[in-house]
Amino acid sequence: LERRVIENIGEFDGYAEVGNKVVVAEVKTTLRLRDVRDFVEKVNKLRQTMAGKEVIAIIAYVFKTKDFNKAMELAKANGVKIIRHIHEEDFEEIT
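J.: How should the pairing of strand S4 (residues 54–64) be read in this particular structure?
T.: Remark: a regular strand shows side chains that alternate across the two faces of the sheet. By the bridge criterion, 10 bridges tie strand S3 (residues 21–31) to S4 in an arrangement that is parallel. Opposite Val22, over in S4, you have Val55 as the bridge partner. Considered for its hand, the β-α-β crossover made up of S3, helix H1 (residues 33–49) and S4 is right-handed. In this view, the connection linking S4 to its parallel neighbour strand S5 (residues 80–87) by way of helix H2 (residues 68–77) has right-handed handedness.

Have a look at this one:
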């Protein structure tokens, strides 16, 4: 997994490509609706350019904000997995 900037799409905190699968990740201390919107936009552009490949999108966060439920709905509607960092190497899948 590496940080990657893709021209005309943007930067991903994590990027890995194996066979016909591409995994992209965004890491946020605080999960905000605007962060999910921005990530979904980049992921949708990537999905268009990666026709024939499965794009798996993940956002990892530590803290939630007051617009957390709206952020979760948007992520879920766009096939973005949300995971919460709990402690050191512990994560909880939210969506």
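J.: Help me out: how do you make sense of the pattern of salt bridges in this one?
T.: Where charged atoms from two side chains of opposite charge come close, those side chains can pair. Tallied over the full model, the rule gives 10 salt bridges. A salt bridge links Glu2 to Arg4; its shortest N-O distance comes to 2.5 Å.

J.: Which parts of the structure should I look at to understand H1?
T.: The α-helix winds at 3.6 residues per turn, so residues separated by three or four positions along the chain end up facing the same way. With 17 residues, H1 ought to run about 24 Å at 1.5 Å a step, and its terminal C-alpha atoms sit 25 Å apart, in line with that. Buried residues in H1 make contact with strand S1 (2–6), strand S2 (10–18), S3, S4, H2 and S5.

J.: Is there a simple way to explain the sheet that holds S3 in this structure?
T.: Two pairing modes exist for strands in a sheet, parallel and antiparallel, and in both the strands are linked by backbone hydrogen bonds. With mixed pairing, the six strands of this open sheet are ordered in space as S1-S2-S3-S4-S5-S6. Taken across any chain shown, the strands that pair with only one partner, and hence form the sheet edges, are S1 and strand S6 (90–93). The average angle at which neighbouring strand axes cross in this sheet is 40°, direction not considered. In this structure, S2 lies alongside S3, joined through five bridges in antiparallel fashion. Residue pairing in the sheet places Val18 in a bridge with Lys21 of S3.

J.: Please clarify how the nonpolar core should be interpreted in this entry.
T.: It is characteristic of soluble globular proteins that their nonpolar side chains tend to be buried jointly. Phe12, Val24, Phe39, Leu46, Val80 and Ile82 are the most contacted members of the largest nonpolar core, which totals 24 residues. Counting residues per element, this core draws most heavily on H1, which supplies six residues. Apart from residues no more than four positions distant in its own chain, Ile82 is found in contact with Leu31, Ile59, Tyr61, Met72, Ala75, Glu92, Glu93, Ile94 and Thr95.

J.: Which parts of the structure should I look at to understand unusual backbone geometry?
T.: Glycine aside, the phi torsion of most residues is negative, and most peptide linkages are trans. Backbone geometry places Asn8, a non-glycine residue, at a positive phi of 70°. Checked against the element boundaries, Asn8 lands in the loop between S1 and S2. Residue classification places Asn8 among the exposed positions, given a relative accessible area of 68%.

J.: Mind showing me how you'd approach the environment of Val36 here?
T.: Inspection of the secondary structure assignment puts Val36 in helix H1. Spatially, the C-alpha atom of Val36 lies 16 Å from that of Glu93, the residues being 57 residues apart in sequence. Val36 has contacts with Leu31, Ile59, Ala71, Leu74 and Ala75, leaving out every residue within four places of it along the chain.

Calculation notes
- Residues numbered from 1 in each chain as written.
- Predicted model: local features only at pLDDT ≥ 70, side-chain atom pairs only at ≥ 80, totals over all residues.
- Heavy atoms only, no water.
- Pairing = 2+ DSSP bridges.
- Helix = DSSP H or I, 4+ residues; strand = E, 2+ residues; numbered from the N terminus.
- Right-handed = clockwise from strand over helix to strand, strands pointing away.
- Salt bridge = Lys/Arg side-chain N within 4 Å of Asp/Glu carboxyl O.
- Expected span 1.5 Å × (residues − 1).
- Contact = heavy atoms within 4.5 Å.
- Axes fitted to C-alpha atoms, helices over the stretch in contact; angles between N-to-C directions.
- Core = buried A, V, L, I, M, F, W, Y, C linked by side-chain atoms within 4.5 Å.
- Buried < 20%, exposed > 50% of the residue type's maximum accessible area, 1.4 Å probe, protein only.

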